[in-house]
Amino acid sequence: MSEVPILKETTRTTGREALRNNITAAMALAGAVRTTLGPLGQDKLLIDDEGRTMVTNDGVTVLESAKVEHPVARMLINASTTQDRIARDGTTSAVLLSAELLQNAWELVLQGVHPSAIARGYRQAEEACRQHFETLVIDATEHQMMAAATTSLSGKIHRAMQEHLAGLAIEAAKAVAEDRPDGILADPTRVKILTQTGGSMTDSSLVTGLVLAKKRVTDRMPKSLTSGKVALVDGGLERREMMSNVKLNVASTGVLESFRQQEKTMLLDQINHLVDLGVTLLACKEGIDDDVHAALTDAGIQAYRRVARSDLDLLARGTNATLNNDVKGLTASDLGVFISSRNERWNGVMHWIVETEEGGATFIAKGSTNETVGEVERCFADALGVACQLLEEPYLLAGGGATQIALARHLRRFAEGFAGREQLAIEAFADALEIIPRTLAQNAGLDPLDSLLQTVAKQSTHQGPDAHHIGLNVENKSPSSMVDDGIVEPLRITRQVLAGATEAALSVLRIDDVLWAKQDPSIPEMPDEEV
Ligand code: ADP
Ligand code: MG
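In this text, all values refer to a predicted model and were calculated from it rather than measured experimentally. (Residues numbered from 1 in each chain as written. Chains lettered and ligands numbered in written order. Predicted model: local features only at pLDDT ≥ 70, side-chain atom pairs only at ≥ 80, totals over all residues. Heavy atoms only, no water.)

Novice: Can you help me understand the sheet that holds strand E10 (residues 224-233) in this one?
Specialist: The strands that make up a sheet pair up through hydrogen bonds in the backbone, lying either parallel or antiparallel. Pairing is mixed across the open sheet formed by six strands, whose spatial order is E9-E14-E13-E10-E11-E12. With partners counted over all chains shown, the strands left at the sheet margins are strand E9 (210-212) and strand E12 (302-304), one partner each. The sheet shows a mean angle of 35° between the axes of neighbouring strands, direction not considered. In this sheet, strand E13 (residues 336-346) lies alongside E10 in antiparallel orientation, the contact comprising six bridges. Bridging from a neighbouring strand, Thr226 pairs with Ser340 of E13. Helix-sheet contacts for helix H9 (residues 253-277) involve E10 and strand E11 (279-284), and the interaxial angle to E11 is about 135°. Together, E9, E10, E11, E13 and strand E14 (349-355) form the strand contacts of helix H11 (residues 309-319), whose direction differs from that of E10 by roughly 120°. (Pairing = 2+ DSSP bridges. Helix = DSSP H or I, 4+ residues; strand = E, 2+ residues; numbered from the N terminus. Axes fitted to C-alpha atoms, helices over the stretch in contact; angles between N-to-C directions. Contact = heavy atoms within 4.5 Å.)

Shown next as structure tokens:
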């Protein structure tokens, strides 16, 4: 049989060897982000091909910028990206947990447990955790929401700023929350973020309505309007477009003049159509020709040109208008409504502020340099993600490893109901969960095992129903009630960490035959201290 050409340059590893290689890759990847976990996690300095640098302690940023070719490591990175997309947080935890699940699985494989038995046990364990969440959750009261939003910023920015941003994020989330028949929908992308360099980051603020750094087409148009109808045009009010398919044979200046006049009449027709519809506010994605400014002004219309598509979308959602690229094709049902639309000069720059029925808010990120503004912007986005999640699903879990320890204790009891190998796998899952408190302790300069044992002991000897609140507060370096200390996280994040990490680990366990390209897929580098 002739050799299949594509397989020529590859080696094939099967069974145990493949699994061992894959797990090594997963562990190496976890090693690259382990030191960033928690508020005392260290920052990483990332340098790209062009020598640009970035400092971050965000696991997913580190992973996404790493040049990793190992297929299994890629799978884990994808799991962390999914975590980021679904929960906006918990990315480092997801990678650490999946690597730990794999490491523990490997030890069972060495003892002769088949990967499929391990997979079965892991699935049972994840399901058991999911059910146990019910007894662990606490309600997200106003006070707890603030604590959760602040926790999401711990270690990223100084304390006073954490509270400032957390408060603004909750306010913003409420401004965009919509009551739907199937519950509340709080979409963080409905909050507009505007950046301004200059001033102090503490001046960052929230404005009701949508703010754009834009001025109206001419100063002669009304500076502010109260309640009216808005038209959003996905094109422009200009000639260029209409001419695109027209070939002109100009014989005399008179012909050209009459042609121009005809075009202008067409534009004026469009404006008349807007007037007939009762439009007072107009925003176009493209240009508005200079010689129709007067007609728009005379009609009392406040008009904006070259409005970014993303801003038009936000306007559409806020005003309930439909974007249309043909002005003449606009009907009454395409129009939206606004409460007010005004122009204000801030620090010498004209801004357009639109308030609508559907809420909407703009966060103004300030800072003395572009870097600080960027930092403020990212922190706000993180806190906003948490606030939105909590409005949609108002449940929290204790942080600082408390929940993982409580789940592990529950699983060890649960495992007793199973025979043989599955029991071992469930116990291995329980052990893996403890990677979170262990790593938090280690990054705080504590002994991971001692800290874990102390925290577990305190949970198991605690009298009363709140044992599962006890975790490791890395700021005062001892076990205490995370709920009292305000270290809490949305249920959705922790649940997704568990689901994503289990899923990733299971898919690695399923691969027992790997084809390696000859140019050895690179395994990510181990962090310094491990080399
Ligand atoms: P991730 O990318 O997984 O979100 P983070 O670096 O954001 O990683 O760390 C989150 C972890 O830090 C959570 O487990 C959270 O409970 C924990 N944490 C936050 N603040 C504290 C604190 N003061 N003490 C102990 N743990 C904390
Ligand atoms: Mg985080």
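Okay, back to it.
Novice: Sorry if this is basic, but what is going on with the site of ligand 1 here?
Specialist: Neighbouring ligand 1 are 20 residues, the closest being Gly38, Asp89, Thr92, Ser93 and Gly400. Take Thr92: an N or O atom from its side chain is 2.9 Å from an oxygen atom of ligand 1. Here an oxygen atom of ligand 1 sits 2.6 Å away from a polar atom, N or O, in the side chain of Ser93. Within the complex, 92% of the 580 Å² of free accessible area of ligand 1 lies under protein. (Near = heavy atom within 4 Å. Polar contact = N/O pair within 3.5 Å; in protein donor to acceptor, adjacent residues only side chain to side chain. Areas by Shrake-Rupley, 256 points an atom, 1.4 Å probe, with all protein chains shown as cover.)

Novice: Would you mind showing me how to read the pattern of salt bridges here?
Specialist: Pairs can form between side chains of opposite charge whenever their charged atoms are close. The final tally for this structure, using the stated rule, is 21 salt bridges. Three or more residues joined by partner-sharing salt bridges are found here, namely Asp234, Lys285, Arg309 and Asp313. (Salt bridge = Lys/Arg side-chain N within 4 Å of Asp/Glu carboxyl O.)

Novice: What am I meant to see in the environment of Leu45 here?
Specialist: Tracing the chain through its elements places Leu45 in strand E2 (residues 44-47). The sequence separation of Leu45 and Gly417 amounts to 372 residues, and the corresponding C-alpha distance is 47 Å. Leu45 has contacts with Thr53, Met54 and Val55, leaving out every residue within four places of it along the chain.

Novice: What should I look at first to understand the pairing of strand E15 (residues 361-367) in this one?
Specialist: Taken residue by residue, a regular strand's side chains alternate between the two faces of the sheet. The buried count for E15 comes to seven of seven residues, which makes it a mostly enclosed element. Residues Ala361, Phe363, Ala365 and Gly367 point to one face of E15 and Thr362, Ile364 and Lys366 to the other, with burial holding for every one of them. (Buried < 20%, exposed > 50% of the residue type's maximum accessible area, 1.4 Å probe, protein only.)

Novice: Please clarify how the nonpolar core should be interpreted in this entry.
Specialist: It is characteristic of soluble globular proteins that their nonpolar side chains tend to be buried jointly. Of all hydrophobic cores here, the largest spans 110 residues; its most connected members are Leu97, Ile118, Tyr122, Leu165, Phe380 and Leu411. Split by domain, the residues of this core number at least three in each of domain 1 (10-139 + 397-517) and domain 2 (142-209 + 364-392). If we ignore the near neighbours within four places in the chain, the residues touching Leu97 are Ala432, Leu433, Ile435, Val497, Leu498 and Ala501. (Core = buried A, V, L, I, M, F, W, Y, C linked by side-chain atoms within 4.5 Å. Domains from an automatic or database assignment.)

Novice: Is there a simple way to explain the domain arrangement of the protein in this structure?
Specialist: In many reports, interface size means the accessible area that the parts give up when they come together. Domain assignment breaks the protein into domain 1 (10-139 + 397-517), domain 2 (142-209 + 364-392) and domain 3 (211-358). Domain 2 puts twelve residues into the contact, and the matching count from domain 3 is 13 residues. With both sides pooled, the region where domain 2 packs onto domain 3 buries about 1100 Å², and carbon together with sulfur makes up 49% of that total. Across the domain 2-domain 3 interface, the total number found is two salt bridges. Across the contact surface, domain 2 and domain 3 share three residue pairs in polar contact (both at pLDDT 80 or more). Looking at the side of domain 2 that touches domain 3, the elements with two or more residues in it are strand E7 (191-197), strand E8 (205-208) and E15. The greatest single-element share of the side of domain 2 that touches domain 3, amounting to three residues, is contributed by E7. Looking at the side of domain 2 that touches domain 3 residue by residue, the class counts come to four nonpolar, four polar and four charged. (Buried area = accessible area lost by both parts, 1.4 Å probe. Nonpolar A, V, L, I, M, F, W, Y, C, P; charged D, E, K, R; others polar.)

Novice: I'm lost on the sheet that holds strand E16 (residues 395-398) in this one. Help?
Specialist: If you trace the three strands from one edge of the open sheet to the other, you get E4-E16-E19, paired in antiparallel fashion. Taken across any chain shown, the strands that pair with only one partner, and hence form the sheet edges, are strand E4 (138-139) and strand E19 (488-490). Where E4 lies against E16, two bridges are found, and the strand directions are antiparallel. In the strand pairing of E16, Ile138 is matched with Leu396.

Novice: Any chance you could explain the pairing of E2 here in plain terms?
Specialist: Only one face of E2 is buried: it carries Lys44 and Leu46, and the other face, with Leu45 and Ile47, is open. Bridge analysis of E2 against strand E3 (residues 53-56) gives four bridges, and the strand direction is antiparallel. For Leu46, the partnering residue across the bridge sits in E3 and is Met54. Here E2 folds back onto E3 in antiparallel fashion, the turn holding five residues, of which Gly51 has a positive phi close to 85°.

Novice: What should I look at first to understand the packing of helix H13 (residues 402-415) against helix H14 (residues 420-433) in this one?
Specialist: Pairs of packed helices are described in terms of their axes, by the angle between the two and the distance that separates them. Following both chains from N to C, one finds H13 and H14 inclined at 170°, their axes separated by 8 Å at the closest point. Taken together, the axes of H13 and H14 lie roughly antiparallel to each other. Residues Gln404, Leu407, Ala408, Leu411, Arg412, Phe414 and Ala415 of H13 form the contact with H14, whose own contacting residues are Gln423, Ile426, Glu427, Phe429, Ala430, Asp431 and Leu433. Here the residues of the contact of H13 with H14 sort into nine nonpolar, two polar and three charged. (Parallel < 35°, antiparallel > 145°, perpendicular 65-115°, else oblique.)

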